[in-house]
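Observations on chain architecture
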Amino acid sequence: MHFQCVKELLLSSVNIVQKAVQSSSSIEVYTGIFIEASENELTIIGTNTDLSIRTQVKADIFKPGKILIEGKLFSDIVRKWPADKPINILLDENTNNVIIDDGNKNSSFKAEVKSMNVDDYPVFPDASKELEEGLAKSWNISQNQLKKAINATAFAAAKVDHSRLYLTAILLESKDGQLRVVATDSHRLGYYKIPGLDGDISAMITADDLSDIAKLMDDEDEEKQIHLTLTPRRAFFDIDNTTVVTRLIEGNFPPYEKVIPTQHNTKVKVERKLIVDAVDRIAVMIRGGTALAVKLTIVDNFLTIASGEMEYGNAKEEIYVEKEGENLEIKVDYRFLFEGLKAFTGENVEMLFKGSDSAILFKSSDMPEYLYLMMPLNF
Amino acid sequence: MIRVLDLDTVNKIAAGEVVERPSSVVKELVENSLDAGADEISVEILKGGMSFIRVRDNGRGISKDQLPVALERHATSKIASVSDIEMISSLGFRGEALPSIAAVSNFQLASAKEGQTGYVLEVYGGKLCDVVPKAMSKGTIVEVEDLFYNVPARRKFIKSENTEAGRIKKYLEAAAISRPDVAFLFVKDGKKIIQTKKTDNQLLGISAVFGEKLASELLEIEGRTGTYSVKGYVGKPDIARGRRDMQIFILNGRIVECKTIQAALEKAFYDVIPRGRFPIAFLCLDIPSQDIDVNVHPAKLLVRLSSENQVFSLVHRAVKDVINERLLEPASFAEPYGTKQRQHHRVDSNDQKGFEWVTKRENQVGNVEEAVSFEPIKMGTRESVWDRFSTELTKDTKEDELFLVRDSREISRSYPKILGQANKTYIIAEWDDAIILYDQHSAHERILYEKYLDDKANLPQTELLFPLPLNLSPDEYAALDRIRPNIENLGFGISEFGPSTLAITHVPSDVPGSEAEEAVKELLLEKPGPLFRQKAAAVLACRGSLKAGNALDENQMRLLILGLNSCKTPALCPHGRPTMLRLDWNELEKRFGRNR
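Let me sum up the structure you'll find in this document.

The rules behind each value
Residues numbered from 1 in each chain as written. Chains lettered and ligands numbered in written order. Predicted model: local features only at pLDDT ≥ 70, side-chain atom pairs only at ≥ 80, totals over all residues. Heavy atoms only, no water. Helix = DSSP H or I, 4+ residues; strand = E, 2+ residues; numbered from the N terminus. Buried < 20%, exposed > 50% of the residue type's maximum accessible area, 1.4 Å probe, protein only. Contact = heavy atoms within 4.5 Å. Core = buried A, V, L, I, M, F, W, Y, C linked by side-chain atoms within 4.5 Å. Buried area = accessible area lost by both parts, 1.4 Å probe. Salt bridge = Lys/Arg side-chain N within 4 Å of Asp/Glu carboxyl O. Polar contact = N/O pair within 3.5 Å; in protein donor to acceptor, adjacent residues only side chain to side chain. Nonpolar A, V, L, I, M, F, W, Y, C, P; charged D, E, K, R; others polar. Pairing = 2+ DSSP bridges. Axes fitted to C-alpha atoms, helices over the stretch in contact; angles between N-to-C directions. Expected span 1.5 Å × (residues − 1). Bend = angle between axes of the 7 residues up to and from the residue. Parallel < 35°, antiparallel > 145°, perpendicular 65-115°, else oblique. Left-handed = near helix turned anticlockwise from the far one by under 90°. Phe/Tyr/Trp six-rings, centres within 6.5 Å; stacked < 30°, edge-to-face > 60°. Lys NZ or Arg CZ within 6 Å of the ring centre and 35° of its normal. Lys, Arg positive; Asp, Glu negative; His and termini not counted. Disulfide = S-S within 2.5 Å.

1. Concerning the overall build of chain B
Of regular secondary structure, chain B possesses 22 helices and 24 strands. Out of the 596 residues belonging to chain B, those deemed buried represent 52%. Relative to all contacts within chain B whose residues are 6 or more apart in sequence, the contacts with residues 24 or more apart total 70%.

This is the structure:
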């Protein structure tokens, strides 16, 4: 095998698959990057038991073939490669060594790295069988929209939980002609609906993985599509030249529809930027990851956001709101409030309260496909 | 047949109570010397004291005609009647020691009073010999040979020579520390083991016994309530030991073992040293004699206190105050955590210190705006900071330029400038004359821990959006029955969903739902009792705190550092690990060879 590739192209491809390449593993091939040269294209793959990533990149192919090279080493070589020189990669079939240089006879740099056994490399997962049997479902979704959905929910998932993985997950569920994207850490919940997608299937993927996948998506170009396939055990994301396959989390997602309140006694509509900035300012009074409570007081057309009474002082800020219903006082964890408000786009946010010890529902006519929900603090 | 025991047998039985082993002989004799007003005492032993013990002092001495009386049971000069026991201030009083020792050894008692001839009395093979004159200076010399030669059963229980010598050494260490005004000399098999000089400074006494290095790691404590008082020294948490061998309690001048004092001490240290380690402490308590009963056991090691609670809170508060006040300094880079324990016996006066944490009071910024506007943290990205850093270092840096940088730093006194987060685990900040690294998990743990301890009544609680299953083993079920109210008081809500299905509905704020089940299970391992609150706070703090691997934004880092600064014991997490490490400019300059 022999090919030459521009540094920047090769580097960005290697970076894409790197996430699936393990730095150490009892299964040696999982630490490798697999590269196959064919026609005028390279296929680069990283894989482990939970995640497989494949991407394609243009290159000058002189001789087709495959190599499997230690991932950390290879990506370091590519990263440090001078920008103005091509990377020339050749497999010496006698020694099974991969020779890396700039393609010139008198290349100043030359590395010889052992190739691992390509025949041991696992076959890249494929959903065609499940699709044929009707066990899987696939859609084309706007990249922009799925990326928005993921960003608006991922933060609501728990960061770490080894025994309740569903709390670290984002749920993708197609139901009633929508794809629902939901995440919750049991204190708050983000819920995004993408319309126009039929089917009846659900899948849970860790919010971390899905956030990384979202980084591959384009949020500028409205036209760009992602091809999403859900099978009973895996999810497949085809994004441009890249395919990401993740293993699904098993278990039952909490009954998210049931916890969304249907009634409210107080409703306020507030300019989003105003309240985000106000909460941010009040947060100055909150120290050291404790006493994170802020008090929201709604009286007539004013919402007062106040820090607790600290030994060193207190602060409050009053903002104008459009209010319907009763006056109310409620205490919340400012982080949940702040992150939730920031998940919205557009000018206004509506906050719906049932009482000072019931969940608060956030929604916005500027972003009708999204709901955010959080529990208050009780003192 | 019932018979009255003969005197020899009675003496041997009684001897067993007072004189269990060589170290008890030494203890009794040294106490006699102290009661005789000696200020120089030497102890020599051979073979762990089994073959030979000699205790020599320069005390008042015993006159010729009193020598035989001293060997009669319950002969004592220290009390005259039972009412005196109530007011005991001397170490001994029962009058048992000398006859007991003499009954089980070949024994020689020599004594001279000031300006008089000395006399010696020998008991050999159980026989009292005649009193004969002996040339000696003022004081008393007791020699004990072939201890327990006539009590083979007792000999069997004596451990190896080394063990016995170790016990004697431990007793003499304690004695020397309890009486810095007395010079002690301990010679074992011809080798000098302990030598102290007369001093009125207890710390110098400790230093003479345990070395300067240890003495430099001690914190002085003092406390008083009413007529009770305590003073002494405790070791800093990072020199805590694997055993309690360096806890010496002195009650009214008497070395005692006292569970109450020990418990108070260890509770005060509970949240600053790791499990399984024990604080070093040398504590002297003064309690009116009528409030203690030392006549519990002939060896007088155990005492009974009439008001245990008062003693407990006295010691606890005195120690805790010092920990809170003095333990504000972060560990230095130069001494990795845990190295001190092994090193402290080495005498090394080259101890580097001198960092004074900006104290809590200075830090407690009256209004936060001032602090913020004074030094806005314009951190930007991590890279940019390091870029700036490296250019500062690589550009033709002259000494005075470095000083310039230092001057501009004066502004940042009120709180550290955050440089960034490393490995999603450590926060790097610059503060005054040092770089400080914070471990985000243990720092947050400390903050939450103090919060959970403080807000007894008003712990905020939060309901979960949906109940999370709580799966318990049968043992855990049983435990839950016992301490369910304690757990619910912390802010957990637990509900039955069906016969054997439990679920968590509420959690204390800061404990994420995702950690709730584990937290409850950990709490179920604890017993209700005085320490439950502390242990529970530690569990909740650990479960609620940021983990290594959480990326933090600038604001979160700022909150964490500010929160840590307002803690009572900021430098250590509740398990006693450090929350921060510092690298002084001095140290940096030394390492980079800049100060040459």
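Back to the write-up after that little detour.
2. Here we look at the overall build of chain A
Per the secondary structure count, chain A includes eight helices and 27 strands. When each of the 379 residues of chain A is scored for burial, the buried share is 54%. Within chain A, residue pairs in contact and separated by at least 24 positions form 66% of the contacts whose partners lie at least 6 positions apart.

3. Remarks on unusual backbone geometry
Residue and element names in this part refer to chain B. Even without being a glycine, Phe148 presents a positive backbone phi close to 65 degrees. As for its position among the elements, Phe148 is in the loop between β7 (139-145) and α6 (152-157). Of the residues examined, Phe148 reaches a relative accessible area of 1% and is grouped as buried. Unlike most non-glycine residues, Asn252 shows phi in positive territory, near 50 degrees. Note that Asn252 resides in the loop between β12 (247-251) and β13 (254-256).

4. A short note on the nonpolar core
Nonpolar side chains in soluble globular proteins generally cluster together in the buried interior. Counting residues in each nonpolar core, the largest one holds 104 residues, and the members touching the most others are Ile100(A) and Phe237(A). Per element, the largest residue contribution to this core is six residues, and it comes from helix α8 (residues 334-343) of chain A. Dropping the residues within four chain positions of it, Ile100(A) is found in contact with Ile69(A), Phe74(A), Ile77(A), Trp81(A), Ile87(A), Asn88(A), Ile89(A), Phe109(A), Lys110(A), Ala111(A) and Val113(A). Counting 56 residues, the second-largest nonpolar core is a separate cluster that includes Ala70(B), Phe107(B), Leu172(B) and Phe282(B).

5. Details of the interface of chain B and chain A
Contacts between chain B and chain A engage 39 residues on the former and 38 residues on the latter. With both sides pooled, the region where chain B packs onto chain A buries about 3000 Å², and carbon together with sulfur makes up 56% of that total. Here chain B is connected to chain A by three salt bridges. Connecting chain B to chain A are seven residue pairs in polar contact (both at pLDDT 80 or more). Secondary structure elements with two or more residues in the side of chain B that touches chain A: α14 (368-374), α17 (440-454), β21 (461-470), β23 (502-508), α19 (513-523) and α21 (554-565) of chain B. Per element, the largest residue contribution to the side of chain B that touches chain A is eight residues, and it comes from β21(B). Across the side of chain B that touches chain A, the residue classes break down as 18 nonpolar, 13 polar and eight charged.

6. As for the sheet that holds β12(B)
Residues and elements named next belong to chain B. Strand order in the open sheet formed by five strands is β10-β11-β14-β12-β13, with mixed pairing between adjacent strands. Of all the strands in the sheet, the pair left with one neighbour each is β10 (218-225) and β13. Along the sheet, successive strands turn relative to each other by an average axial angle of 20 degrees, direction set aside. Across three bridges, β12 lies against β13 in antiparallel orientation. When the sheet's bridge partners are listed, Leu251 is paired in β13 with Arg254. In this fold helix α7 (residues 161-178) packs onto β12, β13 and β14 (281-286), with an angle of close to 50 degrees to the strand it touches most, β12.

7. Side note on the sheet that holds strand β17 (residues 242-247) of chain A
All names here are of chain A. One open sheet holds the eight strands; their spatial order is β6-β2-β3-β4-β17-β16-β15-β10, and the pairing between them is antiparallel. Each edge of the open sheet is held by one strand with a lone partner, namely β6 (65-70) and β10 (137-142). Across the sheet, the mean angle from the axis of one strand to that of its neighbour is 15 degrees, orientation sign disregarded. Note: strand β2 (residues 32-38) against β6, six bridges, orientation antiparallel. Paired with Ala37 across the bridge in β6 is Gly65. Seen against the sheet, helix α4 (residues 143-153) touches β10, β15 (225-230) and β16 (234-239) and runs at an angle of roughly 95 degrees to β10.

8. A closer look at helix α18 (residues 474-489) of chain B
Residue and element names in this part refer to chain B. With 16 residues, α18 extends 23 Å from end C-alpha to end C-alpha; this agrees with the ideal 22 Å at 1.5 Å per step. Helix geometry: α18 is bent most strongly at Ile483, by close to 70 degrees, with proline Pro485 lying one to four residues after it. Listed as buried for α18 are Glu476, Ala479, Leu480, Ile483, Arg484 and Ile487. As for α18, its buried residues are in contact with β22 (493-496), β23, α19 and α20 (532-544). Directly beyond the C-terminal end of α18, a positive phi value near 120 degrees is found at Gly491.

9. Focus on the side chain of Asn378(A)
Position of Asn378(A) relative to the elements: it lies in strand β27 (residues 377-378). Here Asn378(A) falls in the buried class, since its relative accessible area comes to 16%. Here Asn378(A) is in contact with Asp357(A), Leu459(B), Pro460(B), Gln461(B), Glu463(B) and His506(B), once residues within four sequence places are set aside.

10. Side note on the environment of Leu525(B)
Examined against the element boundaries, Leu525(B) turns out to sit in the loop between α19 and α20. Once the C-alpha coordinates of Leu525(B) and Ala479(B) are considered, the two residues, 46 residues apart in sequence, prove to be 7.6 Å apart.

11. Description of the packing of helix α7 (residues 272-282) of chain A against α8(A)
Residue and element names in this part refer to chain A. As a packed pair, α7 and α8 sit with axes 10 Å apart at the nearest point and diverge in direction by 150 degrees. Classed by the angle they form, the pair α7 and α8 counts as roughly antiparallel. α7 and α8 meet at a crossing whose hand is left-handed. Note on element contacts: α8 touches α7 through Tyr334, Leu337, Phe338, Leu341 and Lys342, opposite Arg272, Ile275, Val276, Val279 and Asp280. Here the residues of the contact of α7 with α8 sort into seven nonpolar, no polar and three charged.

12. Focus on the pattern of salt bridges
Across all of its chains, the model carries 49 salt bridges over all chains by this definition. The residue Arg188(A) makes a salt bridge to Glu339(A) at a minimum N-O spacing of 2.9 Å. Here Arg188(A), found in strand β13 (residues 188-195), pairs with Glu339(A), found in helix α8; they are 151 residues apart in sequence, far enough to count as distant. Close ionic contact of Lys535(B) with Glu526(B) constitutes a salt bridge, the shortest N to O distance being 3.8 Å. Sharing partners across several salt bridges, the network here consists of Lys19(A), Asp209(A), Asp212(A) and Lys215(A).

13. Regarding the packing of aromatic side chains
Within the structure shown, the criterion is met by 10 aromatic pairs over all chains. Measuring from centroid to centroid gives 5.4 Å for Trp81(A) and Phe109(A), while their planes differ by 90 degrees, and the two rings are edge-to-face. Residue Trp81(A) is located in the loop between α2 (71-79) and β7 (87-92), and its partner Phe109(A) is located in the loop between β8 (97-101) and β9 (110-114); the two are separated by 28 residues in the primary sequence. Assessed through its relative accessible area of 39%, Phe109(A) is described here as partly exposed. Through pairs of rings, three or more aromatic residues link up here, namely Phe155(A), Phe362(A) and Tyr372(A). If you follow Lys193(A) out to its NZ or CZ, it ends over the ring of Tyr191(A), 5.5 Å from the centre. Sitting over the ring of Tyr452(B), Lys451(B) keeps its end group 6.0 Å from the ring centre.

14. Observations concerning the side chain of Glu445(B)
Residue and element names in this part refer to chain B. The residue Glu445 is located in helix α17 in this model. In this structure Glu445 is buried but unpaired, with Arg577 as the nearest side chain of opposite charge at 4.2 Å. When neighbours within four sequence positions are excluded, Glu445 is seen to be in contact with Ala541, Cys542, Ser545, Cys573, Pro574, His575 and Arg577.

15. Thoughts on the packing of helix α2 (residues 22-35) of chain B against α7(B)
For any two helices packed against each other, one specifies the crossing angle of their axes together with the interaxial distance. Residues and elements named next belong to chain B. Interaxial distance between α2 and α7 falls to 8 Å at its minimum, and their mutual angle equals 25 degrees. With respect to α7, the element α2 is oriented roughly parallel. Considering the relative orientation of α2 and α7, their crossing is right-handed. For the pair α2 and α7, contact is made by Pro22, Ser23, Val26, Lys27, Val30 and Glu31 and by Glu164, Arg167, Ile168, Tyr171 and Leu172, respectively. A breakdown of the residues in the contact of α2 with α7 according to their chemical character gives six nonpolar, one polar and four charged.

16. Regarding the state of the cysteines
Applying the stated rule across the entire model yields zero disulfides over all chains. In this structure Cys573(B) is a free cysteine whose sulfur lies 8.3 Å from that of Cys542(B), the closest cysteine sulfur available.

17. Focus: α7(B)
For an α-helix, 3.6 residues make a turn, and residues three or four places apart therefore share a direction. A rise of 1.5 Å per residue sets the reference length of α7(B), with its 18 residues, at 26 Å; its end C-alpha atoms lie 26 Å apart and thus fit the reference within 8%. Along α7(B), the positions that sit buried rather than exposed are Glu164(B), Ala165(B), Ile168(B), Tyr171(B), Leu172(B), Glu173(B), Ala174(B), Ala175(B), Ala176(B), Ile177(B) and Ser178(B).

Structural measurements only, silent on function.
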